[in-house]
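# Topology and contacts: notes
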Amino acid sequence: MGAAYFYHLTRAPMEQTLPMLIGKALGAGWRVSVRGTDAGRLGWLDEKLWSGPEDGFLPHGMAGGPHDADQPVLLTTGQEVPNGATCVMSIDGAEITADEVQAMQRVCILFDGHDEQAVQHARSQWKTLSDSGCAAQYWSEEGGRWEKKAETGA
């Protein structure tokens, strides 16, 4: 049974925070699905990940290719996980269900703290998931480093 970790981005943008979280997930032995809402935005993120530092290279691919099942990290707009992901990272308000949280090792929900609509959507997701019995943690970087600010148990 997994948990949903909410990451309130106020200092570093998603394209800087996401690689750090992906690296930690891969280090835990998990395969990752990065779920977005817009294929064009995921294409942009794909380029960012490919152009990252060599010592921080994150092997990944875009969903819909012939080798989806082989990808340790798969960028997708869908809910299916053809790469056998045990960690889903939601960006740009991509939906996450309580069943997914329960089935995964971890679900990470990253949201832009400077976008009021994104903040409200994350609050709605927190309420929906915690009301469904999912464990959840809220992490903030407001103080300059990541700190856990709230937690609900399942």
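Residues numbered from 1 in each chain as written. Predicted model: local features only at pLDDT ≥ 70, side-chain atom pairs only at ≥ 80, totals over all residues. Heavy atoms only, no water.

### Structural notes on the state of the cysteines
Inspection of the entire model under this criterion finds zero disulfides. Considering cysteine sulfurs only, Cys-108 is the nearest to Cys-87, which forms no disulfide, with 4.4 Å between them. Of the residues examined, Cys-87 reaches a relative accessible area of 1% and is grouped as buried. (Disulfide = S-S within 2.5 Å. Buried < 20%, exposed > 50% of the residue type's maximum accessible area, 1.4 Å probe, protein only.)

### Some remarks on helix H1 (residues 14-27)
With 14 residues, H1 ought to run about 20 Å at 1.5 Å a step, and its terminal C-alpha atoms sit 20 Å apart, in line with that. Among the residues of H1, Met-14, Thr-17, Leu-18, Leu-21, Ile-22 and Ala-25 are the ones counted as buried. All buried residues of H1 project into a common sector of 135° when viewed along the axis, lining one side. The exposed set on the far side of H1, more than 90 degrees from its buried face, consists of Gln-16, Lys-24 and Gly-27. In this structure, the buried residues of H1 make contact with strand S1 (3-9), strand S2 (32-35), helix H2 (39-50), strand S4 (73-76), strand S5 (87-90) and strand S6 (106-112). Positive phi appears at Gly-29, one or two residues downstream of H1, with a value of about 85°. (Helix = DSSP H or I, 4+ residues; strand = E, 2+ residues; numbered from the N terminus. Expected span 1.5 Å × (residues − 1). Arc of directions from axis to C-beta. Contact = heavy atoms within 4.5 Å.)

### Notes on the packing of aromatic side chains
One pass over the full model with this rule turns up six aromatic pairs. Measuring from ring centre to ring centre gives 6.5 Å for Tyr-5 and Tyr-7, while their planes differ by 35°; the resulting arrangement is tilted. For the pair Tyr-5 and Tyr-7, one class covers both residues: buried. With a centroid separation of 6.4 Å and an interplanar angle of 15°, the aromatic rings of Tyr-5 and Trp-139 are classed as stacked. Of the two residues, Tyr-5 sits in strand S1 while Trp-139 sits in strand S7 (residues 135-140), which places them 134 residues apart along the sequence. Judged by relative accessible area, Tyr-5 falls into the buried class, the value being 12%. Through successive ring pairs, a cluster of aromatic residues spans Tyr-5, Tyr-7, Trp-139 and Trp-146. Above the plane of the ring of Tyr-5 lies Arg-106, whose end atom (NZ or CZ) is 3.9 Å from the centre. (Phe/Tyr/Trp six-rings, centres within 6.5 Å; stacked < 30°, edge-to-face > 60°. Lys NZ or Arg CZ within 6 Å of the ring centre and 35° of its normal.)

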